[in-house]
Amino acid sequence: MEDFFKTRGSQTHRQDKDRLLGHHLHHGFSDSRTGEASTDSLTVRVIVASLLGIILLSTVGGLFVLWPDSAKIAQLQQSSTLYSFAPGVSVENARITKISTPCQPLIADEPRSEQSPKCVQLHVTLLTGADRGSQEVVEAHGPGANSNLRRGDVIQVMYLPDADIETGQYSFYGIPRGFPLWIFAAIFVLTVLVVARWKGLLSLLGLGFSVLIVLGFVLPALASGQPGIWVGLVGSTLILFVVVHLAHGFSMRTEAAMLGTIIGLILSTLFGIAAVEFGKLSGYIDETAFDLSAYISTLDLRQLWIAATILAGIGVLNDVTITQTSTVWELRIAAPDYSSKDIYLSAMRVGRDHIASTIYTIVFAYTGAALTSFVMIAMFFNEKMADITSSESISAEVLRILASGTTLILSIPLTTAIAVALVKKTPRIAQGAQGTQRALSENPVETPWKPRERPVITG
């Protein structure tokens, strides 16, 4: 009987110790899970650090070489009249006091029909300007009339000093939307912080840095005539270096994702160049491109299109590379007996699922952005498909979708292979777990007492 209880007690003690080991492995070094699964080969670590160091130094060097000429930018801004007003013209705020329909015809003596653009008459009180407090009547056609305006809403009106006083010196200009934008921005930030917490805060800081790089470097460099391909590649790489490490820290897992993402950026650049060359793209894909060409003679719109393709793929590219490296690391921790081949094949099964959803994300994101054009083509374009593809505005977007999608798909197996190369091999991680178990057996940790089930003695 004494031997039974002794055996039973030792078994229970071992079970408690095993549970403690599991608790320790999950909580005690949960912050070092990445380190436990990372390779301990000094040679591999030096190679990875050297590669990323060279890339970072090249990126910083490119930043200095391609830095925009501030004097040239200032000269361009002063010479442009694209968005400037004539002398005496101003934009003022006004509050709607009454809305009435119909408006007068846009062309004199022309009766309005059901096909005429919607129009409403807005009776407003001026809130700013020299005529503040006065009552005016303006007409809102098309977009303004379909903006669900109500009494009490604030709109913007343009003052035209040379206009006929009888017809009115004020006209509808637009609707200030700053307040709803701030509201939705606040909801977005709050949602990120509540759900993702510190990770969300770090991601928001990374997003802010990205905006600074785009506004402070990428756009001015493009406007000052720097090569668009290099500007897009340098700007994107710099953004990724800061954003990825800010959100995920410094570890071999993060560096594996960085290497995969940089390879993806290079692929995106090569596919963008190929799309421009074989697609015979000029870069004149919309009216804004024509305006830019008129005001910035040194701007290469073909390279601008490639730079846009590179920047457009950063977010999704980072998503797939981080997901694949995290999958590899978790597989190594969860299955220490897996070989490198087993981990690669298992991670690729996850990657293939990710590929399917990523394709939908890219295609429908671009489709949604160009939905009005697709509706116009589907309803009113009666020519052959070959005639549709001759339109550069359509062909350029299709080529961008295909180039970005191909880049993302190729990045998944490449990143997975890099991640597998940077995790511990099977024997080493198993030895590490055994060493931790031995250390705990030599230094047992007291656990709170729990009542144990008494053995049932029969006979």
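A short tour of the structure in this document, coming up. (Residues numbered from 1 in each chain as written. Predicted model: local features only at pLDDT ≥ 70, side-chain atom pairs only at ≥ 80, totals over all residues. Heavy atoms only, no water.)

## Some remarks on the sheet that holds strand β1 (residues 90-100)
Inference 1: Taken in spatial order, the 5 strands of this open sheet run β3-β2-β1-β4-β5, and their pairing is antiparallel. Every other strand in the sheet has two partners, leaving β3 (135-141) and β5 (170-174) as the edge strands with one partner each. Here the strands of the sheet are splayed against their neighbours by 50° on average, with no regard to which way each runs.
Inference 2: Here β1 pairs with strand β4 (residues 154-159) via 6 bridges, running antiparallel. Each residue of the ladder has a partner; that of Arg95, found in β4, is Val154. (Pairing = 2+ DSSP bridges. Helix = DSSP H or I, 4+ residues; strand = E, 2+ residues; numbered from the N terminus. Axes fitted to C-alpha atoms, helices over the stretch in contact; angles between N-to-C directions.)

## So, the packing of aromatic side chains
Inference 1: Applying the stated criterion across every chain yields a total of 3 aromatic pairs.
Inference 2: Ring centres of Trp67 and Phe217 lie 5.9 Å apart, and the angle between their planes is 20°; this geometry places the pair in the stacked category. Linking Trp67 in the loop between α3 (42-65) and α4 (70-79) with Phe217 in helix α5 (residues 178-223), this pair joins segments that are 150 residues apart in sequence.
Inference 3: Aromatic side chains Tyr284 and Phe290 sit 5.0 Å apart centroid to centroid with 50° between the ring planes, which places their arrangement in the tilted category. (Phe/Tyr/Trp six-rings, centres within 6.5 Å; stacked < 30°, edge-to-face > 60°.)

## Points about the side chain of Thr416
Inference 1: When you line up the elements, Thr416 lands in helix α14 (residues 392-421).
Inference 2: Ignoring any residue separated from it by four or fewer positions in sequence, one finds Thr416 in contact with Gln324, Val328, Tyr344, Ala347 and Met348. (Contact = heavy atoms within 4.5 Å.)

## Observations regarding the pattern of salt bridges
Inference 1: This structure, assessed with the given rule, holds 2 salt bridges.
Inference 2: Among the salt bridges present, the one from Glu277 reaches Arg302, with a minimum N-O distance of 2.9 Å. Here Glu277 is found in helix α7 (residues 252-278), whereas its partner Arg302 is found in helix α9 (residues 301-312), with 25 residues between them in sequence.
Inference 3: In this structure Glu277 comes out as partly exposed when scored by relative accessible area, which is 44%. (Salt bridge = Lys/Arg side-chain N within 4 Å of Asp/Glu carboxyl O. Buried < 20%, exposed > 50% of the residue type's maximum accessible area, 1.4 Å probe, protein only.)

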